Amino acid sequence: MSSPTRKHTALPKAQILVEALPWLTRHHGKTVVIKFGGNAMVDEELKAAFAQDVVFLRHAGLRPVVVHGGGPQISAALDKHGIVSEFKAGLRVTTEEAMDVVRMVLAGQVQRELVGLLNAHGPLAVGLTGEDAHTITATRHQPRIDGELVDIGRVGEITAIDTGAIEALLADGRIPVVSSIARSEDDGHVYNVNADTAAAALAAALGAETLMVLTDVEGLYEDWPHSDEVISRLTATQLEKLLPELSSGMVPKMEGCLHAVRNGVNTARVIDGRVQHSILLEIFTDEGIGTMVVPDDEPDTPGES
């Protein structure tokens, strides 16, 4: 017979599991798209915790899809190859030579490592790029700077999403890990696509319950740099009004959140990837730890945080 002390020490674990029950019930069978990036992508402990979180979601009955870029790794590889990194309008200028390196790093290094971390927990993760099965199709993106269209090389703008391969993997109980590269139907070239934008487009196309974007900040700040008060919840219209004031790094993330909730995704969240297990904290606790964007007509419902 076990002692009362042992029962007592185990009780908080049971309470934590019971607290998660409403969220487990609510999210069961739902698709959640997670954009993996920032510090979580380079810190070994955070990477391991991220993999545990994603596998936990899968075993808790959710259908996670991971989308990743690889800014720091791409910059390091370009340096090694003697290719200068240049940015215009917040986007990496991607020459043909640079594109070969981008593709190699994303599909051959970052994705492989992530698949390996997830598969330490079982035969779960399958890596693909936007090129596979026409998952992401793009056209050449030319940003407007001072009223002029600027050529920034092999940077793509998404024109179509085909979710067939991802849906098949999800139906088979796998965790798709998608690199943000796309092929163009115009010229057959391969393009580098912003991973925040790709994650949002996939979340909308999959009819995901939630889009989660990992960042290196706590969330969207109320009045940065004068205050570090994080906005915990805002509607699509409120976010749209804030967009012009945001820092260039936050724009694709928040535009992605806006696109997602305007196109059928129930909630989009920007969360702090520097916090271990931030995904579980956001999905399975009352507090939530980031900024959540909801559609304009979203009623307040329990377990919404």
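Residues numbered from 1 in each chain as written. Predicted model: local features only at pLDDT ≥ 70, side-chain atom pairs only at ≥ 80, totals over all residues. Heavy atoms only, no water.

Draft legend 1. Structural context of helix α5 (residues 96-119). In this model, α5 (24 residues) spans 33 Å end to end at C-alpha, consistent with the 34 Å of a helix rising 1.5 Å per residue. Most pronounced at Gln111, the bend in α5 amounts to some 35 degrees. Three or more residues of α5 are buried, namely Ala98, Met99, Val101, Val102, Val105, Leu106, Val110, Gln111, Leu114, Val115 and Leu118. (Helix = DSSP H or I, 4+ residues; strand = E, 2+ residues; numbered from the N terminus. Expected span 1.5 Å × (residues − 1). Bend = angle between axes of the 7 residues up to and from the residue. Buried < 20%, exposed > 50% of the residue type's maximum accessible area, 1.4 Å probe, protein only.)

Draft legend 2. Seen up close, the sheet that holds strand β6 (residues 136-140). Pairing in this open sheet of four strands is mixed, and the strands run β9-β6-β11-β12 from one edge to the other. Only two strands of the sheet have a single partner each, and these edge strands are β9 (156-161) and β12 (190-192). The average undirected angle you get between the axes of adjacent strands in this sheet is 50 degrees. Here five bridges tie β6 to β9, and the two strands are oriented antiparallel to one another. Bridge pairing in β9 places Ile136 opposite Ile161. Where α5 meets the sheet, it contacts β11 (181-184) and β12, and its direction lies at approximately 75 degrees from that of β12. Relative to the sheet, helix α7 (residues 195-206) contacts β6 and β9, its axis offset from that of β9 by approximately 15 degrees. (Pairing = 2+ DSSP bridges. Axes fitted to C-alpha atoms, helices over the stretch in contact; angles between N-to-C directions. Contact = heavy atoms within 4.5 Å.)

Draft legend 3. Structural detail: the pairing of strand β1 (residues 31-36). Along β1, six of the six residues are buried, which leaves the element largely enclosed by surrounding structure. Burial along β1 is two-sided: Thr31, Val33 and Lys35 and Val32, Ile34 and Phe36, pointing in opposite directions, are all buried. Relative to strand β2 (residues 63-68), β1 runs parallel, the two sharing six bridges. Residue Lys35 lies in a different strand from β2, and its bridge partner there is Val67. Running through helix α3 (residues 44-59), the crossover from β1 to the neighbouring parallel element β2 is right-handed. Summarising the sheet, β1 and strand β13 (residues 210-215) pair through four bridges and their orientation is parallel. Paired with Lys35 across the strands is Val213, a residue of β13. (Right-handed = clockwise from strand over helix to strand, strands pointing away.)

Draft legend 4. Structural context of the nonpolar core. Core analysis: the biggest nonpolar cluster contains 43 residues, and Ile34, Phe50, Leu57, Ile279 and Phe284 have the highest contact counts within it. Looking at this core element by element, the count peaks at ten residues for α5. Residues in contact with Phe50, not counting those within four places in the same chain, are Ile34, Phe36, Val66, Leu114, Leu214 and Ile279. Among the nonpolar cores identified, the runner-up in size contains 38 residues, and Ala203, Val213, Leu246 and Met254 belong to it. (Core = buried A, V, L, I, M, F, W, Y, C linked by side-chain atoms within 4.5 Å.)

Draft legend 5. Representation of the environment of Ala208 within the structure. Mapped onto the fold, Ala208 is located in the loop between α7 and β13. Ala208 sits 179 residues away from Gly29 along the chain, and the two C-alpha atoms are 10 Å apart.

Draft legend 6. View of the packing of α7 against helix α9 (residues 250-262). Two elements in contact, α7 and α9, have axes separated by 8 Å at closest approach and are oriented at 10 degrees. If you check the angle between α7 and α9, you find them roughly parallel. Two secondary-structure elements touch here, α7 through Asp196, Ala200, Ala201 and Ala204 and α9 through Pro252, Lys253, Gly256 and His259. Residues belonging to the contact of α7 with α9 are distributed by class as follows: four nonpolar, two polar and two charged. (Parallel < 35°, antiparallel > 145°, perpendicular 65-115°, else oblique. Nonpolar A, V, L, I, M, F, W, Y, C, P; charged D, E, K, R; others polar.)

Draft legend 7. Representation of helix α4 (residues 71-80). Gln73, Ile74, Ala77 and Leu78 are the residues of α4 that are buried. Along the axis of α4, the buried positions cluster into a sector of 130 degrees, meaning they face one direction only. Summarising the geometry of α4, the exposed residues directed more than 90 degrees from the buried face are Asp79 and Lys80. Buried-residue contacts for α4 involve β4 (91-92) and α5. The first or second residue beyond α4 is Gly82, which carries a positive phi of 70 degrees. (Arc of directions from axis to C-beta.)

Draft legend 8. Structural context of the sheet that holds strand β5 (residues 125-129). If you walk across this open sheet you meet the eight strands as β5-β10-β2-β1-β13-β17-β18-β16, and the pairing is mixed. Each of the sheet's edge strands pairs with one partner strand only, and the pair in question is β5 and β16 (233-235). Each strand axis lies, on average, 20 degrees off the axis of its neighbour in the sheet, ignoring direction. Note: β16 against strand β18 (residues 291-294), three bridges, orientation parallel. Along β18, the bridge assignment pairs Arg233 with Met292. Across the face of the sheet, helix α6 (residues 164-171) comes into contact with β1, β2, β5 and β10 (175-179) while running at roughly 135 degrees to β2. Relative to β1, α7 is tilted by about 175 degrees, and along the sheet it contacts β1, β2, β10 and β13.

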